[in-house]
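# Remarks on the overall topology
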Amino acid sequence: MKRIIQWLAVILFIVFIFWLGQRFGARNVNEQVVSNSLIVREIAELASLEVQGNASIKRSNVENSGNWTDNLKKVFAENTVWVTVPYTAKYGVDVNEQNFSVKADKKKVLVTLPAPQLLSYELRLNQMETANKKGWLMFSDDETYTDVQKKLYETSRGQLQNNAVYLEQCKEKIRNTMRTYYAPLQYEVEVKFGNEPAKTLKLP
């Protein structure tokens with residue numbers, strides 16, 4: 001709900017500024033919209049990408065090699081655990097005064113942002129699914145599940161931190177949001193992430 005209210009406030013502000021520009025024909029009003037770093041920064045931070053999925057892990061002390069010692073272990077000492085947990089991950093830009101800028105020159109504007117990153121990662125443990133397979137001499141152990149959950153969190157978070165597809169989708173979502181913001185002004189807009197070359201946006 002808080003996020004929706006923030007978006008509505010931003011949209012109403014943009015509409016109000018454009019209305020002022022059309023109502024009074026003031027060129028300086030549009031220029032303020034173009035170079036208003038506070039509103040552009042707010043847009044960039046709100047245009048985050050949320051991803052949902054399932055993280056899974058299997059831990060076992062048997063190798064499934066087929067030899068007699070492994071088969072014997074399966075009968076008496078196997079301890080195999082499967083854990084699947086839904087997750088929610090959020091990608092976006094962590095903006096501060098040093099890594100963000102808006103530079104406008106005539107009919108061209110350059111927005112510089114930090115590279116997107118994984119901002120938050122949450123395992124929904126209340127929806128966790130587990131299964132286990134134990135040998136005759138093995139007993140249930142809550143500590144095993146705790147260790148597996150910890151390993152699952154570390155492994156899946158590490159994979160998502162470096163997920164090139166999601167990071168690129170986050171960049172594209174931010175570009176599209178910037179495109180929507182600047183389109184009515186007919187400015188040439190370039191967006192730059194981190195050390196990457198700036199990319200010119202095709203406005204409608």
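Residues numbered from 1 in each chain as written. Predicted model: local features only at pLDDT ≥ 70, side-chain atom pairs only at ≥ 80, totals over all residues. Heavy atoms only, no water.

Aromatic rings in a pair are described by how distant their centres are and how their planes are angled relative to each other. Evaluated as defined, the whole model comprises four aromatic pairs. Both rings, one in Y91 and one in Y166, keep their centres 5.7 Å apart while their planes meet at 50°; by these two values the pair is tilted. With Y91 in strand 2 (residues 79-92) and Y166 in helix 6 (residues 164-182), the pair connects residues that are 75 residues apart, well separated along the chain. With a centroid separation of 4.8 Å and an interplanar angle of 75°, the aromatic rings of Y181 and Y182 are classed as edge-to-face. Grouping aromatic residues by their ring pairs yields a cluster made of Y87, Y121 and Y153. (Phe/Tyr/Trp six-rings, centres within 6.5 Å; stacked < 30°, edge-to-face > 60°. Helix = DSSP H or I, 4+ residues; strand = E, 2+ residues; numbered from the N terminus.)

Any region with low pLDDT has predicted coordinates that should not be read closely. The predicted model of the protein chain has a mean per-residue pLDDT of 78, with 68% of residues at 70 or higher. Confidence drops under pLDDT 50 across residues 20-29; counting only partners more than four residues distant or on other chains, this segment forms six contacts. (pLDDT = per-residue confidence, 0-100. Contact = heavy atoms within 4.5 Å.)

Below, the discussion takes up the environment of Y121. Within the element layout of this structure, Y121 appears in strand 5 (residues 117-123). Along the primary structure Y121 and R157 are separated by 36 residues, whereas in three dimensions their C-alpha atoms are 6.9 Å apart. Discounting residues that sit within four places of it in the chain, Y121 has contacts with A55, Y87, T88, A89, Y153, S156, R157 and L160. One polar contact links Y121 to S156, side chain to side chain, over a distance of 2.6 Å. (Polar contact = N/O pair within 3.5 Å; in protein donor to acceptor, adjacent residues only side chain to side chain.)

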